[in-house]
Amino acid sequence: MIFDIVQRSLSSPKVLVSIEELIANSLGSRIPDVHAIALTVSIARRAVDSCGISALAIDEVDGRSILSLDYGKCTGCGHCVEVGEGAFFQAENVACGVSRLALVRRWDVEHGVEILCDEAALTSAAREIRSIVGGALNIRQVDGGSCNGCEAEIGALTNPYYDLERFGIHFVASPKHADMLLVTGPITRNMAEAVKRTYEATPSPKLVVAVGACGCSGGIFAESPEVAGSVDSVIPVDAFIPGCPPTPAMLLTGILRVLSHRQLRGRSL
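Let me sum up the structure you'll find in this document. It should be emphasised that the depicted structure is a prediction, and the values quoted were computed from it without experimental measurement.

Reading the values: rules and limits
Residues numbered from 1 in each chain as written. Predicted model: local features only at pLDDT ≥ 70, side-chain atom pairs only at ≥ 80, totals over all residues. Heavy atoms only, no water. Pairing = 2+ DSSP bridges. Helix = DSSP H or I, 4+ residues; strand = E, 2+ residues; numbered from the N terminus. Core = buried A, V, L, I, M, F, W, Y, C linked by side-chain atoms within 4.5 Å. Buried < 20%, exposed > 50% of the residue type's maximum accessible area, 1.4 Å probe, protein only. Contact = heavy atoms within 4.5 Å. Phe/Tyr/Trp six-rings, centres within 6.5 Å; stacked < 30°, edge-to-face > 60°. Lys NZ or Arg CZ within 6 Å of the ring centre and 35° of its normal. Salt bridge = Lys/Arg side-chain N within 4 Å of Asp/Glu carboxyl O. Arc of directions from axis to C-beta.

Before going further, it helps to spend a moment on the pairing of strand β2 (residues 56–61). Bridge count for β2 against strand β3 (residues 64–70) is six bridges, and the pairing is antiparallel. Within β3, the residue paired with E60 across the bridge is S65. Taking the residues that link successive antiparallel strands as the turn, the β2-β3 hairpin has two residues, and the phi of D62 there is positive, at about 55 degrees.

Looking now at the nonpolar core. L39, L56, L67, F88, V183 and V231 are the most contacted members of the largest nonpolar core, which totals 39 residues. Broken down by element, the residue count for this core peaks at four residues, all from helix α3 (residues 41–50). In this structure V183 touches V142, V208, V209, A210, V211, V231 and I235, once residues within four positions along its chain are discounted. V17, I154, L164 and I255 belong to the second-largest nonpolar core, a separate cluster that totals 27 residues.

We now examine the packing of aromatic side chains. For the coordinates displayed, the defined rule picks out zero aromatic pairs. Here the guanidinium or amino end of K206 rests over the ring plane of Y199, the centre of that ring lying 3.9 Å away.

This part is about the pattern of salt bridges. Scanning the model with the defined rule gives seven salt bridges in all. A salt bridge links D108 to R64; the shortest N-O distance between them is 3.0 Å. Of this pair, D108 sits in strand β5 (residues 104–108) while R64 sits in strand β3; the two residues are 44 residues apart in sequence, bridging distant segments of the chain. Its relative accessible area of 4% is what places D108 among the buried residues. Here R64 falls in the partly exposed class, since its relative accessible area comes to 31%. Between E114 and R105 there is a salt bridge, with its nearest N and O atoms 2.8 Å apart.

Omega for the bond connecting S204 with P205 falls within 30 degrees of zero, at 0 degrees, which places this linkage in the cis form. Along the polypeptide, P205 turns up in the loop between α7 (189–201) and β11 (207–211). Cis geometry is adopted by the peptide bond preceding P245, which originates at C244 and carries an omega value of -5 degrees. Summarising the element assignment, P245 is placed in the loop between β13 (239–241) and α9 (248–268).

Now for α3. Of all the positions in α3, only I43, A44, A47, V48 and S50 are classed as buried. Angular distribution of buried residues about the axis of α3 spans 165 degrees; they occupy a single face of the element. Along its buried surface, α3 packs onto β2, β3, α4 (79–83) and β4 (88–90).

This brings us to the environment of H35. Along the chain, H35 falls in the loop between β1 (32–34) and α3. Residues in contact with H35, not counting those within four places in the same chain, are G86, A87 and F89.

For the rest of this paragraph, the subject is the environment of V48. Looking at the secondary structure, you find V48 in helix α3. Residue class for V48 comes out buried when judged on its relative accessible area of 18%. The sequence separation of V48 and V83 amounts to 35 residues, and the corresponding C-alpha distance is 9.9 Å. Ignoring sequence-local partners within four residues, the contact set of V48 consists of L56, A57, I58 and L67.

In structure tokens:
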């Protein structure tokens, strides 16, 4: 029986996901996107009312109705898609931001157009990845108070489907060996000091990435008296990866994006 299982496994098709399929892919995250042309003020207000986490908002600016969607808060509950009459749909790709502001998208409802952010997009060319990483990248994952949903997706990065190590990216046990901290969860008061000490123990230059809605904004736990705040309220953050939880593809995209941003910033110095 064991021999049959091994034989079937060895004869099965290759399942490693290509880099082209990974970069910017958010399928499975349940995070919404918007068909701007299908938006109306009534649909936008209905979607805003359906959002229990206040990730959606609509404001009047210079006589225009502006819809905003904060991916840093969004948990992918799907309520806006349910009431959105096709104007809201599950996103196929969502940008991860090197600034908190980059996680907020805005649309002019009456004109049916998105108000674009100026932040440059990450190149998705696979041949550039190893030059971005620079040979190897060591990551220390830090749980500041997570429900472990993000940890499950982070763990999937090392499986045969995603195989993070093909890019020279590795997880390490000690912050003293790390180049990057991948921090999940709202930072609880009990963990705030530990997160600060982990940051201080990581040698410079170092990168910090806040993961998931909780890491970006505190998520559904933001108002809890036991929560100190989002990751950037406790330690400096270089990039934000939204989602509840983000998919492995979104995690990899965010990691590569912050590396690309750091590399470009280093060249300009």
